[in-house]
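# Overview (structure and organization)
Now for the letters of each chain:
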Amino acid sequence: ADPRAVPGWSGRMLLQAGSDPFQIFHPSDQSSMDTEASADLYTSARYRLGLPEGSRELKSGDGLPLEANADLLGAVSFSKGCYVGQELTTRTHFTGVIRRRMMPVVVASPVDASCAVPDAPIYRLVATTGKRQGKRPIGWLRGVARRTAVGSHDQQLGIALLRLADTADAVKSGDLLWSRLSTIDSLPDEATEVKHLEDGVILRPFVPSWWPKDIAPDLPSNLQ
């Protein structure tokens, strides 16, 4: 079974020999469900729960395992070792200071997921003027899924590494989270505002359903 045993993601089944597990979950869709569609559903479901995987989303040497929610997934031990980065990972855990985390976002307007560049910077903008709030990015968009219906939701989802405090403050203030998906280059410092929001996309972050309540209490906890 998938070790990322969070509600709504994985489980185990005992089946008779020769049984088709696909018939249990999608008995009416079997003839029309192709490999590509199955992969899209998998990615959307994974993003909805904020589960990063692969080198495009988990960049080597950039960030801590805890920022990828390894502590919440039971994917790291704080009582045994030794492994590379153990001291920093353990110290971060016991001080309780994790400023960034991978979390899901809703892509407000449809985009071609194949054109999205991994690690595109995300900026905080004043909704009425497009003025930048701060010079540094508020986060980085690590992936965008093709638009698929997952459960009762029919929205395009992504996954991003976000600064939790800055993101919560932006949501509280009604500011926008905005990203250009076509480049990993940051906006120049002299670009104090974004005049054409349509040159990028607006992102709406939300807390995965399985996160403990105290991880990001000031962020919305459902798809919007």
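Every chain is numbered on its own, with residues counted from 1 as its sequence reads. Thresholds applied to this predicted model are a pLDDT of at least 70 for local features of residues and 80 or more for the giving and counting of side-chain atom pairs; totals over whole chains, interfaces and linings are not thresholded and use all residues. Heavy atoms from the whole structure form the basis of all side-chain values; hydrogens and water molecules are not counted.

An unreviewed UniProt entry lists the chain under the name Putative transferase CAF17 homolog, with Schistocephalus solidus as the source organism. UniProt positions are given in the numbering used here, feature names are shortened, and annotations may be inferred rather than shown by experiment. Per UniProt, the chain carries the Subcellular location (unreviewed entry) text "Mitochondrion".

Before going further, it helps to spend a moment on the overall build of the chain. In this description a helix means any DSSP run of H or I spanning at least four residues, a strand means any run of E spanning at least two, and both kinds are numbered starting from the N terminus. What the chain contains, in helices and strands, is four helices and seven strands. Listed N to C, the secondary structure of the chain is α-α-α-β-β-β-β-β-α-β-β in terms of helices and strands. The burial tally for the chain puts 41% of its 224 residues in the buried class. Within the chain, contacts between residues separated by at least 24 positions form 69% of all contacts whose residues are at least 6 apart in sequence. About 12,700 Å² of surface is accessible on the chain, with carbon and sulfur atoms providing 52% of the total. Remark: exposure states derive from per-residue accessible area (1.4 Å probe, protein chains only) relative to the maximum for the residue type, with buried under 20%, exposed over 50%, and partly exposed in between. The contact criterion used is simple: two residues touch if any of their non-hydrogen atoms lie within 4.5 Å. Values of accessible area rely on a 1.4 Å probe in the Shrake-Rupley scheme; residue burial ignores everything except the protein chains shown.

Which parts of space are left empty comes out when a probe the size of a water molecule is rolled across the atoms. A cavity here means a set of 1 Å grid points, computed over protein atoms only, where a 1.4 Å probe fits but cannot escape. A pocket is an open set with protein on both sides within 12 Å along at least 5 of 7 lines, and lining residues have an atom within 4 Å of a point. Grid points are joined across faces, edges and corners, and a volume is the space filled by probe spheres set on the points. Within this model, the second largest pocket holds a volume of roughly 320 Å³. Lining the second largest pocket are 20 residues, with Tyr47, Arg56, Ala113, Val144 and Ala145 positioned closest to its centre. Those elements that place two or more of their residues in the lining of the second largest pocket are helix H2 (35-48) and strand S3 (139-144). Ten residue types, Ala, Val, Leu, Ile, Met, Phe, Trp, Tyr, Cys and Pro, are classed as nonpolar, four, Asp, Glu, Lys and Arg, as charged, and the remainder, Gly among them, as polar. Split by residue class, the lining of the second largest pocket holds eight nonpolar, five polar and seven charged.

Glancing now at the nonpolar core. The criterion is simple. A nonpolar core is a set of buried Ala, Val, Leu, Ile, Met, Phe, Trp, Tyr and Cys residues joined through side-chain atoms within 4.5 Å. Ranked by internal contacts, the top residues of the largest apolar core, which has 29 residues, are Ile122, Leu141 and Leu203. Those elements that provide at least two residues to this core are strand S1 (100-107), S3, strand S5 (153-163), helix H4 (164-173) and strand S7 (201-205). Every residue in contact with Leu203, bar those within four places of it in the chain, is listed here: Val105, Val106, Val107, Ile122, Leu141, Leu177 and Ser179. Judged by nonpolar contacts, the second largest core, of 10 residues, contains Ala68, Trp140, Ile159 and Leu161.

Moving on to H4. Among the residues of H4, Leu164, Thr167, Ala168 and Ala170 are the ones counted as buried. Looking down the long axis of H4, one finds its buried residues gathered within 160 degrees of arc, a one-sided arrangement. Structural note: H4 exposes Ala165 and Lys172 on the side pointing more than 90 degrees away from its buried face. Once H4 ends, the next one or two residues include Gly174, with phi positive near 80 degrees. The directions considered for the arc are those from the helix axis to the C-beta atoms.

On to the confidence of the model for the chain, then. Every residue carries a pLDDT, the predictor's confidence in it, which falls somewhere between 0 and 100. Scored by pLDDT, the chain has a mean of 82; 84% of the residues are at 70 or more. Per-element confidence in the chain ranges from a low mean pLDDT of 60 for strand S4 (residues 148-150) to a high of 96 for H4.

Okay, the environment of Asp218 next. Relative to the helices and strands, Asp218 is located in the segment after S7. Classification of Asp218 as exposed rests on a relative accessible area of 60%. Distance from Asp218 to Ala168, taken between C-alpha atoms, is 5.7 Å for residues 50 residues apart in sequence.

This part is about the pairing of S3. The element S3 is extensively covered by neighbouring structure, given that six of its six residues are classed as buried. When DSSP finds two or more bridges between two strands, those strands count as paired. Pairing of strand S2 (residues 120-125) with S3 involves three bridges; the strand directions are antiparallel. Within S3, the residue paired with Ala120 across the bridge is Leu141.

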